[in-house]
Amino acid sequence: MIIDKTENAWRYQALLPQMAEILEFAKDAAKREAGTYPFPWGRIMIQEGNTRHLCEADFEAHDKYLDIQWMLSGSELVEWANVGELTETIPYDSQGDIRFLKGKGSVLEVPAGVFYLVYPEDAHKPCCHRIRQGSYKKMVVKIRVA
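As the structure is a prediction and not an experimental result, all values here were calculated from the model.

A. View of unusual backbone geometry. In this structure, Asp97 takes a positive phi of about 50° despite not being glycine. Tracing the backbone shows Asp97 in the loop between β7 (87-93) and β8 (98-102). A positive phi is found at Cys127, a non-glycine position, where the angle reads about 60°. Judged by its relative accessible area of 10%, Cys127 falls in the buried class.

B. Region of interest: the packing of aromatic side chains. The final tally for this structure, using the stated rule, is 5 aromatic pairs. Ring geometry for Phe25 against Phe39: centres 5.9 Å apart, planes inclined by 80°, an arrangement best described as edge-to-face. With a gap of 14 residues between them, Phe25 in helix α1 (residues 19-26) and Phe39 in strand β2 (residues 35-39) connect regions that are remote in the sequence. Geometrically, the ring pair formed by Phe39 and Trp41 is stacked, given 4.9 Å between the ring centres and 15° between the ring planes. Comparing Phe39 with Trp41 shows no difference in burial state: the two are buried. Aromatic rings pair up to connect Phe25, Tyr37, Phe39 and Trp41 into one cluster. Over the face of the ring belonging to Phe25 we find Arg32, whose NZ or CZ atom lies 3.9 Å from the ring centre. Above the plane of the ring of Tyr65 lies Arg43, whose end atom (NZ or CZ) is 5.2 Å from the centre.

C. Inspection of the nonpolar core at higher detail. Ranked by internal contacts, the top residues of the largest apolar core, which has 22 residues, are Ile22, Ile68, Trp70, Met139, Val141 and Ile143. When contributions to this core are tallied by element, the ones reaching two or more residues are α1, β3 (42-50), β6 (65-82), β10 (114-118) and β12 (135-144). The next biggest cluster of nonpolar side chains, apart from the first, holds 8 residues, and it includes Val110, Val114, Tyr116 and Val118.

D. Local environment of the side chain of Arg99. Mapped onto the elements, Arg99 comes out in strand β8. According to the relative accessible area criterion, Arg99 is buried, its value standing at 17%. A polar contact is formed between the side chain of Arg99 and the side chain of Asp63, at a distance of 2.6 Å. Those residues within four positions of Arg99 in sequence are excluded, and the remaining contacts are Phe59, Glu60, Ala61, Asp63, Glu88, Ile90, Pro91 and Tyr92.

E. Representation of the pattern of salt bridges in the model. If you walk through the whole model with that rule in mind, you get 8 salt bridges. Among the salt bridges present, the one from Arg32 reaches Asp28, with a minimum N-O distance of 3.1 Å. For Arg32, a relative accessible area of 25% corresponds to the partly exposed category.

F. Looking closely at α1. For α1, the set of buried residues is Met19, Ile22, Phe25 and Ala26. For α1, the buried positions fall inside an angular range of 120° around the axis, keeping them on one side.

G. How the structure looks around the side chain of His129. Examined against the element boundaries, His129 turns out to sit in strand β11 (residues 122-129). Among the polar contacts made by the side chain of His129, one reaches the side chain of Thr51 at a distance of 2.9 Å. When near neighbours in sequence (up to four residues on either side) are disregarded, His129 contacts Thr51, Arg52, His53, Leu54 and Leu77.

What counts and how
- Residues numbered from 1 in each chain as written.
- Predicted model: local features only at pLDDT ≥ 70, side-chain atom pairs only at ≥ 80, totals over all residues.
- Heavy atoms only, no water.
- Helix = DSSP H or I, 4+ residues; strand = E, 2+ residues; numbered from the N terminus.
- Buried < 20%, exposed > 50% of the residue type's maximum accessible area, 1.4 Å probe, protein only.
- Phe/Tyr/Trp six-rings, centres within 6.5 Å; stacked < 30°, edge-to-face > 60°.
- Lys NZ or Arg CZ within 6 Å of the ring centre and 35° of its normal.
- Core = buried A, V, L, I, M, F, W, Y, C linked by side-chain atoms within 4.5 Å.
- Polar contact = N/O pair within 3.5 Å; in protein donor to acceptor, adjacent residues only side chain to side chain.
- Contact = heavy atoms within 4.5 Å.
- Salt bridge = Lys/Arg side-chain N within 4 Å of Asp/Glu carboxyl O.
- Arc of directions from axis to C-beta.

What follows is the structure, given as structure tokens:
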């Protein structure tokens, strides 16, 4: 998992050749409608919603795509753990590229202006809160890795 300020996203171009295109899209992402925007290497989704309590969520992990979750407004908590440290509760669904897991991880606050990148081995529990529900708008970038 990588977490950083969005102003530093350009530094990750060596890891992700798609970063220049992502940064161009991000310039007006906050003004875009919620929905899915396809790209040859994957897709970018604009999502809006309300956070859920950490206890109500399961970890998710993906095999075919890595995620960049980029907070445009609001904030969330995300819990992270390596998939090898968790117990699978719902087996991998290749159509949805998702599996669900349970266990304990590390919790991070992700305010607007911060992004995190999760690889297939990074189970994550996004869009959460501990005390008070909040709203958010985020850009989720899915880049095919397998």
